[in-house]
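These are the residues of each chain, in order.
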Amino acid sequence: MTATLTEGVAEVARRARQAARSLRGAQTTSKNDALCRIAAILRRETARIVAANAQDVAREQGRLSPGMIDRLLLTEERIEGIAQAVEHVVGLADPVGEVIRGSRSAHGMRLRQVRVPMGVIGMIYEARPNVTVDAATLALKAGSAVILRGGSAAIRTNEVLVELMRQAVAEAGFPADCVQTIDAFGREGTVELMKLRGLVDLIIPRGGAGLIQTVVRESLVPAIETGVGNNHVYVDASADVERASAVVVNSKTHRTSVCNAAETLLVHADIAPDFMPRILRELHERGVILHCDAAAQRFAGDVPTQLATQEDWETEYLAPEMAVAVVPDIEAALAHIARYSSGHTEAIVAENQRAINRFIDEVDCAAIMVNASTRFTDGGEFGLGAEIGISTQKLHARGPMGLEEMTTTTWIAEGEGHVR
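Looking up the protein chain in an unreviewed UniProt entry gives the name Gamma-glutamyl phosphate reductase, with the organism given as Actinotignum schaalii FB123-CNA-2. Under the heading Catalytic activity (unreviewed entry), UniProt records this for the protein chain: "L-glutamate 5-semialdehyde + phosphate + NADP(+) = L-glutamyl 5-phosphate + NADPH + H(+)".

Participant: Sorry, what's going on with the domain arrangement of the protein chain here?
Facilitator: Quite often, the size of an interface is put as the accessible area lost when its parts meet. Domain assignment breaks the protein chain into domain 1 (1-226 + 396-414) and domain 2 (231-381). Computed from C-alpha atoms alone, the centre-to-centre distance between domain 1 and domain 2 is 34 Å. Between domain 1 and domain 2, the contact holds 7 residues from the first and 11 residues from the second. Taken together, the two surfaces of domain 1 and domain 2 that pack against each other cover about 700 Å², and 47% of this comes from carbon and sulfur. It is Arg71, Arg398 and Pro400 that lose the most area in domain 1 upon contact with domain 2, and together they represent 64% of the buried surface on that side.

Participant: I'm lost on the pattern of salt bridges in this one. Help?
Facilitator: A side chain of one charge can pair with a side chain of the opposite charge if their charged atoms are brought near each other. For the structure on display, the rule yields 33 salt bridges. The salt bridge involving Arg156 is made with Glu159; its shortest N-O contact spans 3.0 Å. Of the two residues, Arg156 and Glu159 are both situated in helix H7 (residues 155-171); the distance of 3 residues between them amounts to about one turn of the helix. Classification of Arg156 as partly exposed rests on a relative accessible area of 26%. One salt bridge in this structure joins Arg281 and Asp302, with 2.2 Å as the shortest N-O distance. Of this pair, Arg281 sits in helix H11 (residues 272-285) while Asp302 sits in the loop between helix H12 (294-297) and strand S10 (306-307), and the two are 21 residues apart along the sequence.

Participant: Explanation requested: the packing of aromatic side chains in the structure shown.
Facilitator: To describe a pair of aromatic rings, one takes the distance between the centres and the angle between the planes. One pass over the structure, following the stated rule, counts 1 aromatic pair. Plain terms: the ring middles of Tyr234 and Phe359 are 6.4 Å apart, the flat faces sit at 10 degrees to each other, and that makes the pair stacked. Separated by 125 residues along the polypeptide, Tyr234 in strand S7 (residues 231-235) and Phe359 in helix H15 (residues 353-362) bring together distant segments of the chain.

Participant: How do you make sense of empty space enclosed by the protein when you look at a structure like this?
Facilitator: In this approach, a probe sized like a water molecule rolls over the atoms, and the result shows the empty space that is left. Scanning all chains against the criterion turns up 1 cavity of 30 Å³ or more. Forming the walls of the largest cavity are Leu42, Ile49, Leu74, Ile79, Ile82, Val133 and Leu161. Residues belonging to the lining of the largest cavity are distributed by class as follows: 7 nonpolar, no polar and no charged.

Participant: Explain the side chain of Asp236 to me, please; I cannot follow it from the model alone.
Facilitator: Positionally, Asp236 belongs in the loop between S7 and helix H10 (241-253). Within the structure, Asp236 has its side chain in polar contact with the side chain of Ser238 (distance 2.7 Å).

Participant: Just checking my understanding: could you explain the UniProt feature "domain: Aldehyde dehydrogenase" (unreviewed entry) in the protein chain for this structure?
Facilitator: If you check UniProt for "domain: Aldehyde dehydrogenase" (unreviewed entry), the listed places come out as residues 7-283 in our numbering. With 53% helix and 16% strand, residues 7-283 has its two end C-alpha atoms placed 52 Å apart.

Participant: Explain the packing of helix H3 (residues 46-60) against H7 here, please?
Facilitator: The geometry of a pair of packed helices is captured by two quantities: the angle between their axes and the separation between those axes. Their axes nearest at 7 Å, the elements H3 and H7 cross at an angle of 155 degrees. It follows from the interaxial angle that H3 and H7 lie roughly antiparallel. Packed against H3, whose contacting residues are Arg48, Ile49, Ala52, Asn53, Gln55, Asp56 and Arg59, the element H7 presents Ile155, Arg156, Thr157, Val160, Leu161, Glu163 and Leu164 at the interface. Looking at side-chain class alone, the contact of H3 with H7 contains 6 nonpolar, 3 polar and 5 charged residues.

What counts and how
- Residues numbered from 1 in each chain as written.
- Predicted model: local features only at pLDDT ≥ 70, side-chain atom pairs only at ≥ 80, totals over all residues.
- Heavy atoms only, no water.
- UniProt positions renumbered as here; feature names shortened; annotations may be inferred.
- Domains from an automatic or database assignment.
- Contact = heavy atoms within 4.5 Å.
- Buried area = accessible area lost by both parts, 1.4 Å probe.
- Salt bridge = Lys/Arg side-chain N within 4 Å of Asp/Glu carboxyl O.
- Helix = DSSP H or I, 4+ residues; strand = E, 2+ residues; numbered from the N terminus.
- Buried < 20%, exposed > 50% of the residue type's maximum accessible area, 1.4 Å probe, protein only.
- Phe/Tyr/Trp six-rings, centres within 6.5 Å; stacked < 30°, edge-to-face > 60°.
- 1 Å grid on protein atoms, 1.4 Å probe; cavity = no way out; pocket = protein on both sides within 12 Å on 5 of 7 lines; lining within 4 Å.
- Points joined across faces, edges and corners; volume = space filled by probe spheres on them.
- Nonpolar A, V, L, I, M, F, W, Y, C, P; charged D, E, K, R; others polar.
- Polar contact = N/O pair within 3.5 Å; in protein donor to acceptor, adjacent residues only side chain to side chain.
- Axes fitted to C-alpha atoms, helices over the stretch in contact; angles between N-to-C directions.
- Parallel < 35°, antiparallel > 145°, perpendicular 65-115°, else oblique.

Below, the structure is given as structure tokens:
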């Protein structure tokens, strides 16, 4: 690793640090103006973005999975959706300056804990050009500068998106360096970014398990673990069959390449004779490859299945594949989830309130769905606006991360010459 590369990444971080100072005390109206300009320039330059993206997609065809190509692809409709998401963030309450709690100390000082910007946020992700805009706009609204590393697969798309956002930010009166990328420095640049404790305040990885674990394991900068979704749907003996079918099908097939898709189906043995033949056929007709345990295979009939292996229970497919098991009781379902869950989203379909309450009490994850699809674990669906990611850790942030999760806090104590 050359000194030039090391210094180059450090210089990006120093410029971000300086730019962040201008955002720290910025008025909400000024930050919203920058976001409105970003939405406008995305619409105005849609043809240019689509053309750049077409180069990336053409280059990566055959190298990335169909699910990853789907994430990489930008169309006019998707760009319009991204612009609308930016405008939605404009309408969200600004968390900066919010008083979380306040009191008067025993010595008479006025105390308050206030939300403040994080400072400089590094975002490491892959083949997700929508994240380029989501990360930048959420960081700006929350008063922080952002350094983006979007990976080689989307390099042309991200180059154009960052250029356009920098232009919009500058037109709004902020330093263009509020939004920067280190894509030009490649993988080595990512390693250097993770070393810049003191210049970078937080790193958020968003991508596959390998990427996330590498960042969490190697980063000297505090990092938030996000995204890996080995999610389960448990269908209890008390479940309504119609409702269970709808939830399972939507959880698995609505969009298979995302982290809130379901990867494993667990079905109580008492409802399996009625439910399993139906759901296996429905999933198969929607193109899902089924990895079933021996008990589940007995209900498959002429629906093709594969015998599930240990690897299937551990796999986040991000594809039209699903592991399926019949469990003797809720105890077995909870034990399976405790062993294999990534801590993202777990769902129960049940009518029995005792079963629901036990599931809620015992499952340890970022989001629990009761009689609802796992696909609802999403910042937009939860009313947070465009999310930065879904945290599966327990410190600072957990679950969909919106504006509040992009801030930290400061304690302010006001006295009248108080001394201790």
